[in-house]
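Now for the letters of each chain:
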Amino acid sequence: MTRQDELASSREGLLRYGEDTPTRDSFDNYSSSSELDLHELEPLEDTTSPRPRGGWSPKKKKKSKKGKEKEGPQPIKPKRRGGWCRTRNCVIVGTILTGGLLTLLPMAFWLVPGKGSGITSPPVYPSPKGGTLSQWEQSYEKAAAMVGKMSLIEKVNITTGTGWAQDLCVGNTAPAYNVGFPPLCLQDGPLGIRFADHATAWPAGITVGATWNKDLMYKRGRGLGLEHRLKGVNVWLGPSMGPLGRMPGGGRNWEGFGPDPVLQGIAAALTIKGVQDEGVIATAKHYIANEQEHFRQAWEWILPNAISSNIDDRTMHEIYLWPFADSVRAGVGSVMCSYNMVNNSYACGNSKLMNGILKDELGFQGFVQSDWLAQRSGVASSLAGLDMTMPGDGLVWQDGNSLWGSKLTEGVLNGSVPMDRVNDMATRVVAAWYQFGQDDQAKWPALPKGGPNFSSFSKNKVDKIHPYSDDDTTAVVNHFKDVQGEGDRFHGRLAQQIAAEGTVLVKNVDNILPLDPKGGLVPRNLRRDGKYRVGVFGEDAGSNPEGNNICPDRSCNVGTLASGWGSGAVDFPFLVPPVEALESTFDLTAVEITKSLTNDLSTNWPDVHGQQDLCLVLINSDAGEGYLSWNGVTDRTDLHPQKDGDTLVKRVQDNCAQTIVVVHAVGPVILERWIELPNIKAVLLANLPGEESGNALADVLFGRVDASGRLPYTVGKSLKDYGPGGQVMTKPNGPSPQQNFDEGLFIDYRYFDKHNIKPRYEFGFGLSYTTFTISKLNITTLKPKSPLPSPRLDQSLMPPAYPTTIPDPSSAVFPAGLRRLKGRIYPYLNSAAIREDTSHYPDGWDNHSHLSPAGGGEGGNPSLYDEHALVAVSVTNTGIRPGKQVVQVYVSFHETTDVSTGKMIDFPVRVLRGFEKVELRAGDTKTVETRLTRKDLSYWSVGRQNWVMPDGEVTVSVGSSSRDLPLSGVY
Ligand code: NOJ
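Report on the accompanying structure. Computed from a predicted structure; not experimentally measured.

This part takes up the overall build of the protein. Within the protein, the secondary structure is distributed over 18 helices and 27 strands. Residues counted as buried form 64% of the 971 residues belonging to the protein. Taking contacts inside the protein between residues at least 6 apart in sequence as the whole, the part at least 24 apart equals 80%. Split by element, the accessible area of the protein, about 35700 Å² in all, is 51% carbon and sulfur.

The next thing to look at is the sheet that holds strand E13 (residues 532-537). The strand order across the open sheet built from 6 strands is E12-E17-E16-E15-E13-E14, with neighbouring strands paired in mixed fashion. Bordering the open sheet on either side are strand E12 (504-508) and strand E14 (591-596), each of which pairs with just one other strand. Looking at each pair of strands side by side, their axes are set apart by 15 degrees on average, direction ignored. Sheet contacts for helix H15 (residues 578-585): E13, E14, strand E15 (614-621) and strand E16 (659-665); angle to E14, the most-contacted strand, approximately 170 degrees.

Before going further, it helps to spend a moment on the site of the ligand. Asp-188, Arg-252, Lys-285, His-286 and Asp-371 are the nearest of the 13 residues found near the ligand. Here Asp-188 contributes a side-chain N or O atom positioned 2.5 Å from an oxygen atom of the ligand. Notes on the ligand: free accessible area 290 Å², of which the protein chains cover 96%. Looking at the shell around the ligand, its residues break down into 4 nonpolar, 2 polar and 7 charged.

The next thing to look at is the side chain of Asp-753. Of note, Asp-753 is situated in helix H18 (residues 749-754). Contact partners of Asp-753, with chain neighbours within four places excluded, come to Val-909, Arg-910 and Arg-963.

Moving on, we come to the packing of aromatic side chains. How two aromatic rings sit relative to each other is given by the distance of their centres and the angle of their planes. Taken as a whole and assessed by the stated rule, the structure comprises 24 aromatic pairs. Ring centres of Trp-164 and Phe-457 lie 5.2 Å apart, and the angle between their planes is 85 degrees; on these two criteria the pair is classed as edge-to-face. A residue pair is termed long-range when its members are at least 10 positions apart, and Trp-164 in the loop between helix H4 (152-159) and strand E1 (171-172) and Phe-457 in the loop between helix H13 (419-435) and strand E10 (462-464) qualify at 293 residues. Classification of Phe-457 by relative accessible area gives partly exposed; the value is 27%. A ring pair is formed by Tyr-749 and Tyr-890, whose centres lie 6.2 Å apart and whose planes are at 90 degrees; its orientation type is edge-to-face.

The sheet built from 6 strands is open, its strands ordered E1-E2-E3-E4-E6-E9 with mixed pairing. One side of each edge strand has no neighbouring strand; the edge strands of this open sheet are E1 and strand E9 (367-370). Summarising the sheet, strand E4 (residues 281-287) and strand E6 (residues 334-337) pair through 4 bridges and their orientation is parallel. Within E6, the position partnered with Ala-284 by the bridge is Val-335. Each of strand E3 (235-236) and E4 is contacted by helix H7 (residues 261-277), which is oriented at about 145 degrees to E4, the strand it contacts most.

Under the defined criterion, the tally for this structure stands at 14 cavities of 30 Å³ or more. Space inside the largest cavity adds up to approximately 160 Å³. Taken together, the residues of the lining of the largest cavity sort by class into 7 nonpolar, 7 polar and 2 charged. Within this model, the second largest cavity holds a volume of roughly 140 Å³. Every residue lining the second largest cavity is counted, 19 residues in all, and those nearest its centre are Gly-245, Pro-248, Asn-253, Pro-259 and Asp-748. Residues of the lining of the second largest cavity, tallied by class, amount to 10 nonpolar, 6 polar and 3 charged.

In the segment running from Lys-285 into His-286, the intervening peptide bond is cis, with an omega of -5 degrees. Checked against the element boundaries, His-286 lands in strand E4. Even without glycine at this site, Asp-553 takes up a positive phi of about 50 degrees. Mapping Asp-553 onto the fold places it in the loop between E13 and H15. Given a relative accessible area of 15%, Asp-553 falls into the buried group.

Here is what the cut-offs are and how they apply
- Residues numbered from 1 in each chain as written.
- Predicted model: local features only at pLDDT ≥ 70, side-chain atom pairs only at ≥ 80, totals over all residues.
- Heavy atoms only, no water.
- Helix = DSSP H or I, 4+ residues; strand = E, 2+ residues; numbered from the N terminus.
- Buried < 20%, exposed > 50% of the residue type's maximum accessible area, 1.4 Å probe, protein only.
- Contact = heavy atoms within 4.5 Å.
- Areas by Shrake-Rupley, 256 points an atom, 1.4 Å probe, with all protein chains shown as cover.
- Pairing = 2+ DSSP bridges.
- Axes fitted to C-alpha atoms, helices over the stretch in contact; angles between N-to-C directions.
- Near = heavy atom within 4 Å.
- Polar contact = N/O pair within 3.5 Å; in protein donor to acceptor, adjacent residues only side chain to side chain.
- Nonpolar A, V, L, I, M, F, W, Y, C, P; charged D, E, K, R; others polar.
- Phe/Tyr/Trp six-rings, centres within 6.5 Å; stacked < 30°, edge-to-face > 60°.
- 1 Å grid on protein atoms, 1.4 Å probe; cavity = no way out; pocket = protein on both sides within 12 Å on 5 of 7 lines; lining within 4 Å.
- Points joined across faces, edges and corners; volume = space filled by probe spheres on them.

No statement about biological role is implied by the geometric values presented.
If you want it as structure tokens, here you go:
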């Protein structure tokens, strides 16, 4: 599609805040107006902020043992329960005392210093510079030329956000106009453009994972990228791959692609490729181990500290880091560090994570940005490898006190932050901007023409240009630009295909599906009133009567569920409810539809609703980000359908011999209360389908497409089946809650397999409308085994070098005559009086940690990605319909000892290492190939600090789910 095509397909409209969302067609009726346009204003001078209270005094980092990483979590002592108070008086006095204690206890939480589990994260310094890898060479050359001309003030400007709601996007940086670097707009989120109008509400990540379709993963990325670019977004805050899904109830799991690192990694990488091929910088988030919402950040859950995810080194590498490694390998431009602590050091101040793993071992060349207020220290976070603070606010929202901004300027001037570090921070930002062609004026016109053409903080056409400030200047902030494409290029078509392929058919007795639009199953002469009677039940089949976007960031579960809630949600331009698609697909001359779009069973049941020939019942389960909750849910603490969906299903099936259940959900749902009841004939797990929900569902129900989704997670028989590690911690075990990832590698199917627990439906499972055989496994050795990857190459490129002279403080003083806006973050100082102060360097700063042998390229040592085995199978469609099969390749390592410690290594029974989705007409056969890399065939050796290919045979199994693997061979 050319730029002209894109522009030709965009229209402007006047969607006002509070109005019901127009349908797709009604967009045509909107027109633009000629009022003052933001883009006609002069670019904003970049400006200043009041000097923050107190000096530049970042908190001293907690002492940690230099260079020593404690492996494996520490046990937490169970609390003792008393049994000594047996008399009545004792009970009364006890109750009073307990009441008092309970009142005081929360206060004590503030007073008691944070006590960790003893697990710490080792220091890794200094921060590796960007510009060492050939893939980024030209961008770094250009960036070096630009940054070389920047003043310190400009470097601070482009690495510090301007403050929450100071400008139009959820994150905004200030410009360096003198050298031609624009302000950047950073915007959520993983399934579309948050707070925007006329943009696609795509299926959520979990649905994309369920497609197992690489082509669709990439294409959705392209669509997301194009829409963000056309709305003027420079940096897309997605995809999400952390949470990975350690706990099936984790509130934000649905933003990512499922709890298997390989599926998650492939989906993330292809999404990133798609987005960045459109020139938008993607953000791999949240780095790392932000696995639950409870206690994810300080103060949000009352506690003064965030939870610490305590993870051993091997688990980190083989599970949680894997998708981030794939993202870096795909060339991701930005990584967002997360709210939580990892091994008792905040992720955004954790030098092991940012300097050590991300920048050294994975060779990340882009910039690390903080999650919103996830930065908890000033100097320390910069030295630990943070490159950009978002949204610029410091420890508190919107008080104008950043941890960087003027404090970063001061930190450089007083010697706390080396000039070198701030140069690298700025260079990484500018290099990412060049890397994705954002200097191309045709695609990224400068202000006044370019920049964001929507406001995150108003639905009005004309409104404040600095939404949260005392500046009342207004302009056109919403251009209502339609970026959804048109005709064949209407993005809804692709969204519909993804939602359909992300729908998993798990039960289909007697091939009741696909349905016949005319009713089919009952001969005409046997039909009452000559019509086939279909009942549609459940609130989830219909719309929210108050409008699709009525709840902030979708934080309510009303009507059909098409997305979870939080910053990963969007305003839907339209939402096709399932009932509407059913009504338009069934032939109403032959079929009579009775609707009961409620979960309330109180009235007229079963007289009106009983005696249907076929019943469709729709139920759901929702969750979302921790700053919001619905009905007490953020993380799900049980996996049952919400709104008493189980009772509804049972009631329908009690009265209907042919019942089909559809579940819309953020993740696995327990189906046990009804799955085996005799009238439950078919079950579809439709995940979170996005705007085209009903159309996609009808595509599958009526067989316009094959049922080709496969589970991206395990559906257990109970939440307990997922093991202790699968439970969300809802009660803090201290002021700084300690969550020990004791289960190590054994999450989701790996846990079920290890403990021989039979799931209801296993990871990778899903039925088709046709049948397939997979045969003729052939494993060809492309490269022989050898324990270690090639030695790390010397850095082939030198990072940019700049003079490190500290500028004259007078150059950083707030310019006279410049107006300070309330709450805005500025890079300037109030006075040029600076006292030298280098006392805040963290422990280990002079450590000069060694380069990781696992590093040397984007995503790690390039030889980790050498292909060692070619796995080929034949797939035949043995049925009578066309269909799609997902060929899944799993690897099982045999018992062996670690090369360095000599200790036995515990391996999962099997791990997914590759997959391909293949389309076949009835009777056709195709050869499907997957290639296994050195990394696929290795484990992370803590002793060697490298990926090691174990001696002996590795079993390669191929089939159609994690428990249906008819073929196996060895490498
Ligand atoms: C916090 C969320 O965790 C993150 O995913 C999002 O990008 C930012 N807020 C900005 O909205």
